[in-house]
Structures are given as structure tokens and as C-alpha cells.
Amino acid sequence: MPFRGVDYYAIDSLLSEEERLVRDTFRRFVDEEVMPIIAGHFRDGTFPKHLIQRLGALGALGPSLQGYGCAGLGPVAYGLIMQELERGDSGVRSFASVQGSLAMYPIHTFGTEEQKRKYLPKMAAGELVGCFGLTEPDFGSNPQGMRTTARRVGQGWVLNGEKRWITNGGIADLAVVWARADEGAGSPRIRGFVVERGAKGFSTRDIHGKFSLRASVTSELVFEDCQVPESALLPGTDGLKSALQVLDQARFGISFGVVGAAMACYEEALSYAKERVQFSRPIAGYQLVQAKLVDMLEKITNAQLLAWRLGRLKEAGQARAQQTSLAKRHNVRIALEVARTARDVLGANGVTDEYQAGRHMCNLESVFTYEGTDHIHTLVLGQDITGLNAFT
Ligand code: FAD
């Protein structure tokens, strides 16, 4: 059955015609091309690679970037694409987020004209896949401590170190990698590099055994005296703040994306509850079940309004990173709660992959942790409102 969406507060009427059109295009795409295959990929632990070029053709890769084959859409349209993709699966949305926001955006923002021309049109089309390597085995929430280094040697750089938990790593043609760059003068500063697959000393290893984001590739990136030319450096990058600026883009998309996962869970629980008869009537007729459904709807409505408002602030150039933190923190929390409640309403059926809620619930555990854990966003907001740093 086609997905109808959840819109208790007529939020549709706050969207432009173009935004609704984009949303509906991706809603159809997910109904027709993602839903029929996603449970199988989740079960097998594989990413549906055949969707990559379809996502490119539909304009889902770097949709809010200008030029270089990108769609140049506004932030709300971009957010709605993420919402629809995550309604299918967080793994599919993660692919698009990483490609567009974590790999293409830094090239677009910090790269040379030559780098942009070389990579962006092919990445927008899905002909080249990118990944973003910031996290290391010993440095997740605290990337400032990273050990990966880049040393200037002759006309290029030599990278050494290891990145872990990198989405798309094993299927990427290029990695945007953050390293402590020793430029010969002054103390090393964190800078971004584009490392192409095939660069000498660069290898990837996929991470298996995940119970979350199973339909997504997660990998380690290993750099052993990896030699890259001078042109690999993203010259506009200047310290960790550049990497954080990149993450802010993806967090914005997550704020919308997880609403899609929550909507899918709510819709599934609602229709199940109306049909499932226990004792004398459908379980939807019992007060305790109604309270759960109402809680879900209320949470989704709050999250939709928060995401929409953040989008409009971003459009006006007024969104602060802390506001994105609040939306990421709130919306991922509620999506996880909605997924868990939906799983409960489905009873035993909720623990099988015949239904979606369990898959979304497991996926959202990763989303809770990546792009700044729930705690880290709490600390960002705590610092913003008190002026006091509670990180260390
Ligand atoms: P830690 O930082 O060790 O945190 C463990 C716990 O301690 C958390 O609950 C955390 O909130 C808490 N904690 C840490 N510091 C504090 C503090 N000061 N105060 C209170 N609590 C604290 N990274 C990339 O670079 N690129 C990717 O593409 C990418 N994709 C990912 C995909 C998946 C499926 C997953 C699971 C992760 C991915 N990550 C990626 C990594 C992700 O960003 C990190 O896992 C995340 O930043 C948390 O780091 P950590 O796992 O090392 O946890």
C-alpha cells in the first residue's frame, strides 16, 4: 500500500509546491524501489548498491549544493528527501547523507575548482561514491584527539593512521579523511584530504556483525605510509572546526530523516492495532494502546515542526549549530521511542522482519550514537545556555 504520510498539524500547507513535489517523488521511489527489497538486504547484511545511480538520477546526492550537476534545492526540500529515504531505511538515508553532506559538501566548500570539477558531477550522478573518515578506534566523541597524521613529503603528503566506523567505506571510490597535518612550520592542525581508492598504502576492511544499519556498509580505513599528491589536500580546511561544519550539514538531514522512520513505525502500529483482535475487540480499542498511539503521534508532530522550523531558519541563513544539535537530539530520541513503542504494539510480530518497526528500532540505535551522540549534543546545548564547558 502506498505510504500516505503522517500530518496531524497540516504541515503540508507550510511547504512550497516544489517541496511537496520533491517529497512525493521520493515517497513513490521508496514505495516502489526500496520497500520491496529492504528487509532482504537488512537480513543479508548487504547494501542495495543498485540504488546508488537511481538516487543520483533523482537528484538525492548533494541535493542542496549549487552547480556541478547538483540539484540546488533549498534545505527543507533536502530534509524531506532524507525523511522519505529514512522512512524506507536509515541505511539508505545514511548512504545519501554521507555522499551528499559528508563527502560532497566538504569538497564543494573547501575544495579547489579543479577538485570540484573532478569529483562533484560524478558523485552527484552516483558514478563515484564518497565516505567521510573522522572517527578513530580511540577517538569517537573526542575527534580532537585523533592520531592520524599527514606529513608533507616532497610534492605530496604521507598519511598514517586508522579510521573506524566509516559509512560507505568499503564501497567508496574516495574518502574525505581528516588528519593532523604537519606542514613543517608551526604546530600540526587538522585538515581534510581526498584520498582515492587505489592510493598506495590505503586499504579498507568492512565491519560485520552489526545488529543496526545492516543495509549499510560500515568499514575501517587504514593508512600505512599512504602517499597522496599535493592536490589531495582540501585547501579551505582549517582545524577541527571545518570537520564540525561538515557534520552540521548531515545532522540537519538526520533531524528530518528520523521523522520518516518514526512515521513508518507509527503507521504500521496504527494499522496493526486496528486489525489485531485480542479478547473481545481490536487492540486499538483499548485505552492503553490508544495512549501509546497518541504518544507516538504527538512526538512525531513535535519533531516535524522542529525540523520544519530549523529548515526555514537555515534557508534564511540563521540556523545555529546548537539549534541543529537540539533538533538532532530531540528527533532521534523521539524516533527511537516511537520505534520501540511500535515494536511493542506489534507484539511478537514486532520482533520479526516481516514488519518494519524492529528494523527501524535497531537502525536508530546507530543514529542515536553517530553524528554526535545524544550526550554530546546535550553538552553542546548545556554549554550554549550556561556558558560553561562540561565536556572535560
Ligand atoms: P565514545 O565517544 O567512546 O562514547 C561512548 C559513550 O560515552 C557514549 O554514550 C557517549 O555519549 C559517552 N561520552 C563520551 N564522552 C562523554 C562526555 N564528555 N560526557 C558524557 N558522556 C560522554 N564516524 C565517521 O567519522 N564517519 C562515518 O561515516 C561514521 N559512520 C558510522 C556508522 C555507524 C553505523 C556507527 C555506529 C558509527 C559511525 N561513525 C562514523 C562513528 C560515530 O560518529 C561514533 O561512533 C560516535 O561519534 C561516538 O563515538 P564512539 O563510538 O567512539 O563512542
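Described in the following lines is the structure provided in the data block.

Attention now goes to the side chain of E19. Tracing the sequence through the fold places E19 in helix α1 (residues 17-44). By relative accessible area, E19 is classed as buried at 5%. Excluding anything up to four places from it in sequence, E19 contacts L14, V76, A77, L80, R312 and E315.

Before going further, it helps to spend a moment on the layout of surface pockets. The volume enclosed by the largest pocket comes to roughly 1400 Å³. G140, T369, Y370, E371 and G372 are the residues nearest the centre of the largest pocket, which is lined by 47 residues in total. If you list the elements that add at least two residues to the lining of the largest pocket, you get α4 (90-110), β3 (156-167), α6 (240-275), α8 (321-345), α9 (357-369) and α10 (374-386). Ranked by residues supplied to the lining of the largest pocket, first place goes to α6 with six residues. Of the pockets and cavities examined, the second largest pocket occupies roughly 560 Å³. Around the second largest pocket sit 21 residues that line it, and M1, E267, E268, S271 and Q356 are the ones nearest its centre. Secondary structure elements with two or more residues in the lining of the second largest pocket: α1 and α6.

What follows concerns the site of the ligand. Around the ligand sit 17 residues in total, of which T135, S141, W165, T373 and H375 are the nearest. Here a nitrogen atom of the ligand and a backbone polar atom of F391 are 3.0 Å apart. Coverage of the ligand by the protein amounts to 68% of the 980 Å² it exposes when considered alone. Placement of the ligand is best described as lying within the largest pocket. Among the secondary structure elements, those contributing two or more residues to the shell around the ligand are β3, α9 and α10. Sort the elements by how many residues they give to the shell around the ligand and β3 lands first, with three residues. Here the residues of the shell around the ligand sort into eight nonpolar, eight polar and one charged.

This paragraph deals with the side chain of E84. As for its position among the elements, E84 is in helix α3 (residues 75-88). With a relative accessible area of 0%, E84 lands in the buried category. Separated by 2.9 Å, the side chains of E84 and Q83 make a polar contact. Excluding anything up to four places from it in sequence, E84 contacts F3, R23, F26, R27, V30 and M263.

On to the pairing of strand β7 (residues 218-229). Bridge count for β3 against β7 is nine bridges, and the pairing is antiparallel. When the bridges of β7 are listed, E162 appears paired with V222. Summarising the sheet, strand β6 (residues 202-206) and β7 pair through five bridges and their orientation is antiparallel. Residue pairing in the sheet places T204 in a bridge with L221 of β7.

Our focus in this paragraph is the nonpolar core. L85, I107, L159, W178 and V195 are the most contacted members of the largest nonpolar core, which has 82 residues in total. For this core, the leading source of residues is α4, giving ten residues. The residues contacting I107, other than those within four sequence positions of it, are Q115, K116, Y119, L120, M123, L174, V176, V194 and L234. Residues L213, M263, I334 and A335 belong to the second largest nonpolar core, which totals 36 residues.

Going through the model one piece at a time under the given rule, you end up with zero disulfides. Between C70, a cysteine without a disulfide, and C131, which holds the nearest cysteine sulfur, the sulfur-to-sulfur distance is 18 Å. Here C265 is not cross-linked by a disulfide; its sulfur's nearest cysteine counterpart is in C362, at 11 Å. Taking relative accessible area as the criterion, C265 reaches 0% and is therefore assigned buried.

Take the packing of aromatic side chains next. Enumeration over the complete set of coordinates arrives at eight aromatic pairs. When the centroid spacing of 6.0 Å and the interplanar angle of 20° are considered together, the rings of Y78 and F252 count as stacked. Here F252 lies in helix α6 and Y78 lies in helix α3, a separation of 174 residues in the sequence. Given a relative accessible area of 5%, Y78 falls into the buried group. Exposure remark for F252: the relative accessible area of 1% places this residue in the buried category. In this structure, K314 is placed above the aromatic ring of F252, and the distance from its NZ or CZ to the ring centre is 5.2 Å.

Cut-offs applied
- Residues numbered from 1 in each chain as written.
- Predicted model: local features only at pLDDT ≥ 70, side-chain atom pairs only at ≥ 80, totals over all residues.
- Heavy atoms only, no water.
- Helix = DSSP H or I, 4+ residues; strand = E, 2+ residues; numbered from the N terminus.
- Buried < 20%, exposed > 50% of the residue type's maximum accessible area, 1.4 Å probe, protein only.
- Contact = heavy atoms within 4.5 Å.
- 1 Å grid on protein atoms, 1.4 Å probe; cavity = no way out; pocket = protein on both sides within 12 Å on 5 of 7 lines; lining within 4 Å.
- Points joined across faces, edges and corners; volume = space filled by probe spheres on them.
- Near = heavy atom within 4 Å.
- Polar contact = N/O pair within 3.5 Å; in protein donor to acceptor, adjacent residues only side chain to side chain.
- Areas by Shrake-Rupley, 256 points an atom, 1.4 Å probe, with all protein chains shown as cover.
- Sits in = over half its atoms within 2 Å of the grid points.
- Nonpolar A, V, L, I, M, F, W, Y, C, P; charged D, E, K, R; others polar.
- Pairing = 2+ DSSP bridges.
- Core = buried A, V, L, I, M, F, W, Y, C linked by side-chain atoms within 4.5 Å.
- Disulfide = S-S within 2.5 Å.
- Phe/Tyr/Trp six-rings, centres within 6.5 Å; stacked < 30°, edge-to-face > 60°.
- Lys NZ or Arg CZ within 6 Å of the ring centre and 35° of its normal.

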